[in-house]
Amino acid sequence: PSAPRLKSAARRNRGPRAALEVVLRQVAASSIAPPPQKRRQSSGEQAQNTKPGRQNRHRIREMAAQMDCDDARSQLKELERQRQALEDEAAAIVSELDGLGVGLKDALVDAEGYPRADLDLYRVRSQRGRHATIRTDHKALMKKIEALLPIALAAPPEDARTTPPPSRSVKPPPAPPSNA
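The following refers to the structure shown. Computed from a prediction, not measured in an experiment: that's the story for all the values here.

### Some thoughts on the packing of helix 4 (residues 69-100) against helix 5 (residues 121-152)
Two quantities define a packed helix pair, namely the angle between the axes and the distance from one axis to the other. In the contact formed by helix 4 and helix 5, the axes pass within 9 Å of each other and the chain directions differ by 155°. The orientation of helix 4 relative to helix 5 falls into the category roughly antiparallel. Crossing handedness for the pair helix 4 and helix 5: left-handed. By residue class, the composition of the contact of helix 4 with helix 5 is 19 nonpolar, five polar and 11 charged.

### Observations regarding helix 5
Here helix 5 spans 45 Å end to end across 32 residues, near enough to the 46 Å set by a 1.5 Å rise per residue. Among the residues making up helix 5, those that are buried are Val 124, Gln 127, Arg 128, His 131, Ile 134, Leu 141, Ile 145, Ala 147, Leu 148, Ile 151 and Ala 152.

### A few points about the environment of Glu 78
Mapping Glu 78 onto the fold places it in helix 4. C-alpha separation for the pair Glu 78 and Ile 145, spaced 67 residues apart in sequence, amounts to 9.9 Å.

### Let's talk about the side chain of Arg 83
Tracing the backbone shows Arg 83 in helix 4. A distance of 2.2 Å separates polar atoms of two side chains, one belonging to Arg 83 and the other to Glu 80.

### Section: the environment of Thr 136
Relative to the helices and strands, Thr 136 resides in helix 5. Only 3.1 Å separates the side chain of Thr 136 from the backbone oxygen of Ala 132, close enough to count as a polar contact.

### So, helix 4
Residues spaced three or four apart along an α-helix point in a common direction, a consequence of the helix completing one turn every 3.6 residues. Over its 32 residues, helix 4 runs 46 Å from end to end, which matches the ideal 46 Å to within 8%, given 1.5 Å per residue. When we look at burial in helix 4, the residues that qualify are Cys 69, Ala 72, Arg 73, Leu 76, Leu 79, Arg 83, Leu 86, Ala 90, Ile 93 and Leu 97. One or two residues past the end of helix 4 sits Gly 101, with phi positive at roughly 90°.

### A closer look at the pattern of salt bridges
Under the criterion given, the structure shown has six salt bridges. Salt-bridge contacts for Glu 89 lead to Arg 130; the nearest nitrogen and oxygen are separated by 2.9 Å. Taken as a pair, Glu 89 in helix 4 and Arg 130 in helix 5 lie far apart in primary sequence, 41 residues in all. What makes Glu 89 partly exposed here is its relative accessible area of 31%. Residue classification places Arg 130 among the partly exposed residues on the basis of a relative accessible area of 31%. Ionic pairing is found between Asp 118 and Arg 116, a salt bridge with its closest N-O pair at 3.1 Å. A residue is classified by how much of its surface remains accessible, and Arg 116, at 22% relative accessible area, is partly exposed. One connected set of salt bridges, linked through shared partners, spans Glu 80, Arg 83 and Glu 87.

### Here's the deal with the environment of Ala 72
Among the structural elements, Ala 72 can be located in helix 4. For Ala 72, a relative accessible area of 0% corresponds to the buried category. In this structure, the C-alpha to C-alpha distance between Ala 72 and Ile 145, residues 73 residues apart in sequence, is 9.5 Å.

### Side note on the side chain of Arg 128
Positionally, Arg 128 belongs in helix 5. One buried charged residue, Arg 128, forms no salt bridge at all, with the nearest opposite charge on Asp 106 at 5.6 Å. Apart from the residues within four sequence positions on either side, Arg 128 is in contact with Leu 97, Val 102, Gly 103, Leu 104, Lys 105, Asp 106 and Leu 108.

So, how was this worked out
- Per chain, residue numbering runs from 1 following the sequence as it is written.
- A pLDDT threshold of at least 70 governs which residues receive local features in this predicted model, and a stricter bar of 80 or more applies before side-chain atom pairs are shown or counted, although totals over entire chains, interfaces and linings include all residues.
- Excluded from the side-chain calculation are hydrogens and water; included are all heavy atoms of the structure.
- Axes, fitted as lines to C-alpha atoms, cover a helix only where it is in contact. Angles between the N-to-C directions of the axes lie from 0 to 180 degrees.
- Only DSSP runs of H or I covering at least 4 residues are called helices, and only runs of E covering at least 2 are called strands; the numbering of each starts at the N terminus.
- Oblique is the label for any angle not under 35 degrees, not over 145, and not in the 65 to 115 range, which are roughly parallel, roughly antiparallel and roughly perpendicular in turn.
- Each crossing gets its handedness from the near helix: less than a right angle anticlockwise from the far helix is left-handed, clockwise is right-handed.
- Residue type decides the class: Asp, Glu, Lys and Arg count as charged, Ala, Val, Leu, Ile, Met, Phe, Trp, Tyr, Cys and Pro as nonpolar, and the leftover types, Gly among them, as polar.
- An expected span of 1.5 Å times one less than the residue number is assigned to each helix.
- Relative accessibility decides the category of a residue: with a 1.4 Å probe and only protein chains considered, values under 20% of the type maximum give buried, values over 50% give exposed, and everything between is partly exposed.
- Under this definition, polar contacts are N or O atom pairs within 3.5 Å; protein pairs additionally need one hydrogen-donor-capable and one acceptor-capable atom, and for neighbouring residues in sequence, both atoms have to be side-chain atoms.
- For salt bridges, the criterion is a side-chain nitrogen of Lys or Arg within 4 Å of an Asp or Glu carboxyl oxygen.
- Counted as positive: Lys and Arg. Counted as negative: Asp and Glu, with His and the chain ends omitted from the count.
- Contacts between residues were defined by any pair of non-hydrogen atoms, one from each residue, lying within 4.5 Å.

Shown next, in the form of structure tokens:
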């Protein structure tokens, strides 16, 4: 029992199923334990596994539901700071690439198909890759902010809870001076 025998079974147009049968017969003849077989997924599990973002969104919502307003506000401030830093870095990358005369989508080869000699191609490619990473991080950050925002706005800020609201009594207008 060797690998060439498996290849010959597949070559004879019997396909992978025939090769698997050969392996199973070889295993049955020897004392080698068969390899563990993968469990077949139902269509619901396949649909759930093809959308990994759904699990992340659910996890973010669960995390957000467990916090109180003050925790949500403090975390929201931190996420806002991170968002601003990502946007600043993305803007710096775009301005650098525009300064080089090439944007995020422009070709890096000339009309004949050769790499452009006027560009630092390594720098341009690395900056484009970093910009793509920033975009992905920004999307994830915005989803977290979106989940925390309703919780943070659910109650008035802490300083508004401790100070009484201003009085809304209407004062009468001052009396006109009398000349008598």
